[in-house]
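For reference, the chains in residue letters:
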Amino acid sequence: MNILFLLSEEDRANIPSAILVENVTLRSDPDIQTELLLNDYDTCFITSNYTKVYGTLTVKNIIKTFNLMTSTRIHYLIKEEYEVETDEIIPF
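Residues numbered from 1 in each chain as written. Predicted model: local features only at pLDDT ≥ 70, side-chain atom pairs only at ≥ 80, totals over all residues. Heavy atoms only, no water.

**Brief notes about the side chain of Thr43**
Thinking step 1. Within the element layout of this structure, Thr43 appears in strand β3 (residues 43–47).
Thinking step 2. According to the relative accessible area criterion, Thr43 is buried, its value standing at 4%.
Thinking step 3. Separated by 3.0 Å, the side chains of Thr43 and Arg73 make a polar contact.
Thinking step 4. Excluding residues within four positions of it along the chain, Thr43 makes contact with Asn2, Ile3, Leu4, Thr72, Arg73 and His75. (Helix = DSSP H or I, 4+ residues; strand = E, 2+ residues; numbered from the N terminus. Buried < 20%, exposed > 50% of the residue type's maximum accessible area, 1.4 Å probe, protein only. Polar contact = N/O pair within 3.5 Å; in protein donor to acceptor, adjacent residues only side chain to side chain. Contact = heavy atoms within 4.5 Å.)

**Structural notes on the pattern of salt bridges**
For side chains of opposite charge, pairing can occur when their charged atoms come near one another.
Thinking step 1. Counted under the stated rule, the structure contains 1 salt bridge.
Thinking step 2. Here Arg27 ties to Asp29 by a salt bridge, and the two come within 2.8 Å at their closest N and O atoms.
Thinking step 3. Of the residues examined, Arg27 reaches a relative accessible area of 18% and is grouped as buried.
Thinking step 4. The partly exposed category is assigned to Asp29, whose relative accessible area is 22%. (Salt bridge = Lys/Arg side-chain N within 4 Å of Asp/Glu carboxyl O.)

**Description of a nonpolar patch on the surface**
Thinking step 1. Nonpolar side chains collect at one region of the surface, where Leu37, Leu68 and Met69 lie side by side and expose about 380 Å² of accessible area between them.
Thinking step 2. Positionally, Met69 belongs in helix α4 (residues 56–69). (Patch = residues over 30% accessible without salt bridge, like charges linked within 9 Å, V, L, I, M, F, W, Y side chains within 5 Å. Areas by Shrake-Rupley, 256 points an atom, 1.4 Å probe, with all protein chains shown as cover.)

**Here we look at the nonpolar core**
Thinking step 1. In this structure, Leu4, Leu6, Ile46, Tyr50 and Ile62 are the most contacted members of the largest nonpolar core, which totals 13 residues.
Thinking step 2. Contributions of two or more residues to this core are made by β1 (3–6), β3 and α4.
Thinking step 3. When residues in this core are grouped by element, the largest group, 4 residues, is from α4.
Thinking step 4. Residues contacting Leu4, with those up to four places away along its chain left out, are Thr25, Arg27, Leu36, Tyr41, Thr43, Cys44, Phe45 and Phe66.
Thinking step 5. Counting residues in each nonpolar core, the second largest holds 5 residues, with Ile3, Phe5, Leu7 and Val24 among its members. (Core = buried A, V, L, I, M, F, W, Y, C linked by side-chain atoms within 4.5 Å.)

Structure, rendered in structure tokens:
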């Protein structure tokens, strides 16, 4: 199983090293289109902080790319409960 985490630098600093195993990739940059096309991920986790840093449009494009070209399951991770009401990415 290959897992991709799209997270901010702040999120990355808080990731315990115990989850960094062979099939887990952490990316904290917005230019991941090549990565998406070159590698087949079973699951992608996108943090709300990644969206705050790189913008809603970037994340929507990432989700569209996944939906059009892969069968990757996407999970959107929020940090605070209020984000459910304010973050427009969640419905995707």
